[in-house]
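Overview (structure and organization)
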Amino acid sequence: GPAVPRASITCAAPGGSWSSTSTWTGGVVPTSADDVTITSGCSVTIDTAATALNVTVANGGTLQYEDTTARSLTVGANVSVDTGGVFQTAATGTQTGHTLSVGGNLVNLGTVDFSTNSDTAGASITFTDASNATLSNSGTLDLRTVTLNKGTTSSSVLDFLPGGTVTVQGANTAGFLTITNGTFKISGSGALTNPVLATAGYTIPATGGLWLNDANATVVGQNGS
C-alpha cells in the first residue's frame, strides 16, 4: 500500500486519553509512523494499544498508563524522557500487566516509574529489534521487569548505563532482567547494587549474553556461587 507520511504530533494541554482525538493537536491519534511529544502542561493516559515511532516526554509533561486495564505502548524507535518529564504507571489500582516495547533506545533524564502504588501497579519493558541500542539513565528509574529479546543471537547488544538512581520495585533487593536473545551490557561508571537477573535460578541462553563493563556495578549472587 502507499507509504504513510511521518508526522510530528504533540499533545494539547491539559492532555487526556491517548485514544482521544481531542488529546492531540490537529485531532489525529498517533500511529506507528509518528513522532509523539508529550509537552509541558500535558498529562496523557495510555488507554489503548498505543503505537508510535518515537516518543518524547518533555519537561513538565506526564505520560502514564491507566489504572484498571492492562495497556501497551509499542515504540518502533526511541523513547526519551527529558529532565522534569514523567513516564509512569498509575498511582492507583493494582494492574501490573502494562507493557512498553522499545525498538531503539530508552533515555531517561527525568522520572520513569514503572512500579507504583506501593509496588502493586507496574509495567514491564521489552527491548526488541536486532540493532544495538542503549538503556541510559541519569534521572530516577524504578523498574519492574525488563526482557531482552533483540534479534536471534547474542550479537545484538543493549548497553545499560545505570547513572542517576536505579531501583527495582522501589528497592535494591530484587532483580529485573530476563534474557531471551541478545547481550545485556552494563557500562559506564554508575553504581548498581540490585540483583540483575529476575529469578534466582536464572538461565542465560545460548542466544544471550551478560557483559559487565562497569567497575561500580555489582551483580549480586542469588543462588549459590
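None of the values given here were measured: they were computed from a predicted structure.

To continue, consider the overall build of the protein. When you go through the protein residue by residue, the secondary structure sums to zero helices and 22 strands. In terms of overall dimensions, the protein is globule-like: its C-alpha atoms have a radius of gyration of 17 Å, near the 17 Å expected for 225 residues. For the protein, the spread of C-alpha atoms along the principal axes amounts to about 55 × 40 × 30 Å. Put simply, the protein has 225 residues, and 44% of those count as buried. Considering only intrachain contacts with a sequence separation of at least 6, the fraction spanning at least 24 residues in the protein is 65%. For the protein, the centre of its 5 positive side-chain charges and the centre of its 12 negative side-chain charges are spaced 7 Å apart.

Here we come to the sheet that holds strand E4 (residues 43-46). Read across the open sheet, the seven strands follow the order E2-E4-E7-E10-E13-E17-E20; overall the sheet is parallel. In the strand order of this sheet, the two ends are held by strand E2 (15-17) and strand E20 (165-168), each with one partner. Each strand axis lies, on average, 10 degrees off the axis of its neighbour in the sheet, ignoring direction. Here strand E7 (residues 62-65) pairs with strand E10 (residues 86-88) via three bridges, running parallel. Bridge assignment links Thr 62 to a residue of E10, and that residue is Val 86.

Turning our attention to the packing of aromatic side chains. According to the stated counting rule, one finds seven aromatic pairs in the structure shown. Centroid distance Phe 160 to Phe 184: 5.6 Å. Interplanar angle 40 degrees. Geometry classified as tilted. On the criterion of sequence distance, the pair formed by Phe 160 in strand E19 (residues 157-162) and Phe 184 in strand E21 (residues 177-187) is long-range, its members being 24 residues apart. For the pair Phe 160 and Phe 184, a shared accessibility class is recorded, and that class is buried.

Core analysis: the largest hydrophobic core is formed by 47 residues, its most contacted members being Leu 63, Leu 73, Phe 87, Leu 100 and Phe 184. Per element, the largest residue contribution to this core is four residues, and it comes from E21. Sequence-distant contacts of Leu 100, that is, excluding residues within four places in its chain, are made with Tyr 65, Leu 73, Val 75, Val 79, Phe 87, Phe 114, Ser 124, Ile 125 and Thr 126.

For the rest of this paragraph, the subject is the state of the cysteines. As enumerated under the stated definition, the model contains one disulfide in all. Between Cys 11 and Cys 42 runs a disulfide, and the two sulfur atoms are separated by 2.3 Å. Of note, the bridge from Cys 11 to Cys 42 carries an S-S torsion of about 125 degrees and is right-handed in sense. Here the residue Cys 11 occupies a position in the loop between strand E1 (8-10) and E2, and Cys 42 occupies one in the loop between strand E3 (35-38) and E4, the gap between them amounting to 31 residues. Neither residue differs from the other here; Cys 11 and Cys 42 are each classed as buried.

Following Ala 13, the chain continues to Pro 14 via a peptide bond in cis, the omega torsion being 5 degrees. Inspection of the secondary structure puts Pro 14 in the loop between E1 and E2. The backbone phi angle of Asp 119 is positive, close to 65 degrees, even though this residue is not glycine. Since its relative accessible area comes to 27%, Asp 119 is described here as partly exposed. A positive phi angle, near 50 degrees, is found at Gln 169, a position not held by glycine. If you trace the backbone, Gln 169 turns up in the loop between E20 and E21.

Rules of the game
- Residues numbered from 1 in each chain as written.
- Predicted model: local features only at pLDDT ≥ 70, side-chain atom pairs only at ≥ 80, totals over all residues.
- Heavy atoms only, no water.
- Helix = DSSP H or I, 4+ residues; strand = E, 2+ residues; numbered from the N terminus.
- Rg over C-alpha atoms; globule rule 2.2 N^0.38 Å.
- Buried < 20%, exposed > 50% of the residue type's maximum accessible area, 1.4 Å probe, protein only.
- Contact = heavy atoms within 4.5 Å.
- Lys, Arg positive; Asp, Glu negative; His and termini not counted.
- Charge placed at Lys NZ, Arg CZ, Asp CG, Glu CD.
- Pairing = 2+ DSSP bridges.
- Axes fitted to C-alpha atoms, helices over the stretch in contact; angles between N-to-C directions.
- Phe/Tyr/Trp six-rings, centres within 6.5 Å; stacked < 30°, edge-to-face > 60°.
- Core = buried A, V, L, I, M, F, W, Y, C linked by side-chain atoms within 4.5 Å.
- Disulfide = S-S within 2.5 Å.

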